[in-house]
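A closer look at the structure
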Amino acid sequence: MTEQAKLAALLFPNSGRSIADYEALYPPRPLPAGAPVTRLAPSPTGFIHLGNLYGAFADERLAHQNGGLFFLRIEDTDEKRETAGAAEALIGALDYFGLRFDEGVTAGGETGAYGPYRQRRRAELYRDVARELTARGLAYPCFCTEDELGEIRASQEAAGANFGYYGLWARHRNLAPGEIERRVGRGEPFTLRWRAPAAAAAVTVQDGIRGRLVLPGNEQDIVLLKSNGIPTYHFAHVVDDHFMRTTHVLRGEEWLSSLPVHVQIFAALGWEHPFYCHTPLLLKAEAGGKRKLSKRKDPELGLDFYRREGYHPRAVREYLLTLLNSDYEEWRLGHPTAPMEEFPFSLARMGSSGALFDLQKLNDVSKNVLAALPPGETADFLRHWAGDWQPEAAAVWTAEREYLAAIVAIGRREANPRKDLVYGTQIFSFLRFFFDPLFTIEDALPDNVGATEARGLLAQYSARYDHAADKESWFAALKRLAAENGYAEKPRDYKKQPELYKGHVGDVSAVIRLALSGRKNSPDLWEVQQVMGEDRVRRRLEAMIQYVGQL
RNA sequence: GGCCCGUUGGUCAAGCGGCUAAGACAUCGCCCUUUCACGGCGGAAACACGGGUUCGAUUCCCGUACGGGUCACCA
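Residues numbered from 1 in each chain as written. Chains lettered and ligands numbered in written order. Predicted model: local features only at pLDDT ≥ 70, side-chain atom pairs only at ≥ 80, totals over all residues. Heavy atoms only, no water.

Here the focus is helix 4 (residues 86-96). Within helix 4, burial applies to Ala86, Ala87, Leu90, Ile91, Ala93 and Leu94. The buried residues of helix 4 all sit within an arc of 165° when viewed along its axis, so they share a single face. Along its buried surface, helix 4 packs onto strand 1 (37-40), helix 3 (50-65), strand 2 (69-72), strand 3 (103-105) and helix 10 (303-309). Where helix 4 ends, the next residue or the one after it, Gly98, has phi of about 85°, a positive value. (Buried < 20%, exposed > 50% of the residue type's maximum accessible area, 1.4 Å probe, protein only. Helix = DSSP H or I, 4+ residues; strand = E, 2+ residues; numbered from the N terminus. Arc of directions from axis to C-beta. Contact = heavy atoms within 4.5 Å.)

To continue, consider the sheet that holds strand 5 (residues 139-142). Taking strand neighbours across the sheet as the criterion, the three strands line up as 5-6-9 in an open arrangement whose pairing is antiparallel. Each edge of the sheet is formed by a strand with only one pairing partner; in this case those strands are strand 5 and strand 9 (223-225). The sheet shows a mean angle of 45° between the axes of neighbouring strands, direction not considered. (Pairing = 2+ DSSP bridges. Axes fitted to C-alpha atoms, helices over the stretch in contact; angles between N-to-C directions.)

This paragraph deals with the protein's contact with RNA strand B. Of all residues adjacent to RNA strand B, which total 57 residues, the nearest are Thr77, Arg210, Lys361, Arg418 and Asn521. Within 4 Å of the protein, atoms of RNA strand B come from sugar and phosphate in 72% of cases. Contact distances for RNA strand B include 2.5 Å between a sugar or linking oxygen and a side-chain N or O atom of Lys361. Elements that contribute at least two residues to the surface near RNA strand B include exactly helix 6 (146-159), strand 6 (191-194), strand 13 (289-292), strand 14 (355-356), helix 13 (359-372), helix 19 (471-484), helix 20 (491-496) and helix 21 (505-517). Broken down by element, the surface near RNA strand B gets its largest block of residues, four residues, from helix 13. (Near = heavy atom within 4 Å. Polar contact = N/O pair within 3.5 Å; in protein donor to acceptor, adjacent residues only side chain to side chain.)

A few words now on the sheet that holds strand 1. If you walk across this open sheet you meet the four strands as 1-2-3-4, and the pairing is mixed. Both edges of this open sheet fall to strand 1 and strand 4 (110-111), since each of them pairs with a single strand only. Note: strand 2 against strand 3, two bridges, orientation parallel. Residue Leu72 lies in a different strand from strand 3, and its bridge partner there is Gly104. Helix 3 rests against strand 1 and strand 2 of the sheet, and its axis sits at about 160° to strand 1.

Structure, rendered in structure tokens:
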């Protein structure tokens with residue numbers, strides 16, 4: 001038995017499976033050649049941000065567009081940061097945005113033949129691989145305490161050396177076997193460290209987004225297993241993505257600097273590393289520049305923000321797609337009604353510089369998405385949203401379902417539909433006036449129309465109101481009423497000779513509009529009246545007559 | 001500080017050695033119009049800087065500046 005084999009047996013006394021056993025247990029996937037296997041591997045910290053969705057969306061598209069498979073693995077190796085129910089919340093949030101996994105952790109448990117998919121449940125696997133690594137002389141135990149590590153760092157700082165546990169700074173790299181045995185026997189906790197090659201050659205990696213990367217070889221003896229026996233990200237990534245047969249790893253560019261570590265471990269194990277794609281970070285504009293999105297300062301970073309505000313999931317997806325693939329918008333213009341799944345997503349067209357999140361752009365995308373949605377669907381979406389987040393809206397909207405659907409349909413059947421519905425909270429305040437319990441007079445009468453004048457106009461309008469009239473005759477009647485009361489039928493006439501009139505039709509309809517909507521701006525009056533129904537129209541006119549009478 | 005990545009209008013971005021340097025959002029003006037929204041037309045607005053290479057650089061190379069990332073028993 002070699003010294004190294006003895007060390008492995010000392011460190012990991014319970015014999016387990018060999019790497020070869022695992023190779024047989026997790027055979028290559030029965031997929032056509034070239035079919036991508038991608039994964040989302042979040043840590044369950046409870047905070048789900050837009051970046052998660054952004055990356056997940058790229059993973060999902062890549063897999064599903066090319067006959068591959070997309071799975072969910074939970075990286076719960078850091079107990080300290082974990083929050084309860086985080087995985088379920090994540091699955092729920094992604095599902096809301098239309099992202100489904102083929103395999104991995106599910107709301108109730110897990111599915112798939114390459115599990116377990118929660119890293120804490122894979123402890124045995126990591127340990128078995130670690131044992132073999134140790135037996136091959138690629139790993140060694142390190143007994144350094146936090147304090148000692150701090151000392152090393154301080155000396156490095158003083159000496160102007162690079163930080164880290166490497167080369168001569170790696171105190172326990174060449175501990176005598178007897179010393180190790182003694183410490184283990186005493187029950188001293190240890191981490192298992194990677195034995196990095198003394199002078200690692202630069203590595204060349206082909207990145208799916210950045211192209212050819214030449215990075216300095218790794219010389220750090222990074223920690224593979226923490227003292228509690230749980231692996232670090234680096235080790236878990238290599239083991240899991242190998243045995244789960246991941247072909248494409250999409251992750252944020254913050255991983256670029258540890259890429260040499262990963263490539264090195266893959267190579268040492270004789271495994272082929274996955275195709276890496278390092279995506280840019282989502283940034284946020286701030287006075288003078290860009291900065292990384294921050295949890296505390298940017299509520300729109302959290303996925304909950306979009307749900308709470310009532311953005312349609314499709315709007316968020318389309319927006320993200322415009323960030324993901326720059327030619328998406330052009331494609332959309334050419335295929336206005338095609339489902340976005342038909343867009344040929346491509347890694348090569350992903351940009352490599354950080355993108356600023358732009359709420360205005362999202363709003364624009366959202367307007368277009370809602371304008372294209374059948375009104376019935378929009379109404380259903382709104383009711384669901386209100387049920388979850390906006391009780392006041394839920395109360396009135398569910399009481400009058402059909403009414404809401406009719407309201408949403410206003411001005412949306414034409415070739416150029418209205419685009420004034422953006423997101424839930426905005427829509428709620430925009431549509432309040434339609435519902436009696438929420439109706440108030442918000443704006444004032446036009447400057448050139450006094451209360452008495454308004455009262456007269458309203459009384460006449462109310463007396464002559466014909467709910468059955470079509471739009472043309474209704475407007476003709478309105479113009480007649482305006483003319484009889486000294487208002488120009490056409491704004492142009494008034495502009496030409498203002499001294500001849502009190503105002504123009506616009507002023508008269510402004511008074512009616514105020515009576516019906518409480519505002520000086522609203523969608524087309526005739527349509528509003530038709531949707532409101534005759535009773536409601538008459539009631540509001542009466543109420544307005546009372547109201548201006550008191551002015 | 002070391003190493004790595006990035007840098008085209010306010011924002012997202014086309015561009016891959018020769019272009020009057022696309023388009024979208026935002027913005028401004030005009031038109032349409034009973035208000036708003038929609039729609040149409042038009043305007044303003046960019047290759048970070050300095051060296052190379054080249055007949056010719058936004059495009060290739062090297063510096064500088066700026067921004068970001070990373071140097072944990074976090075992912």
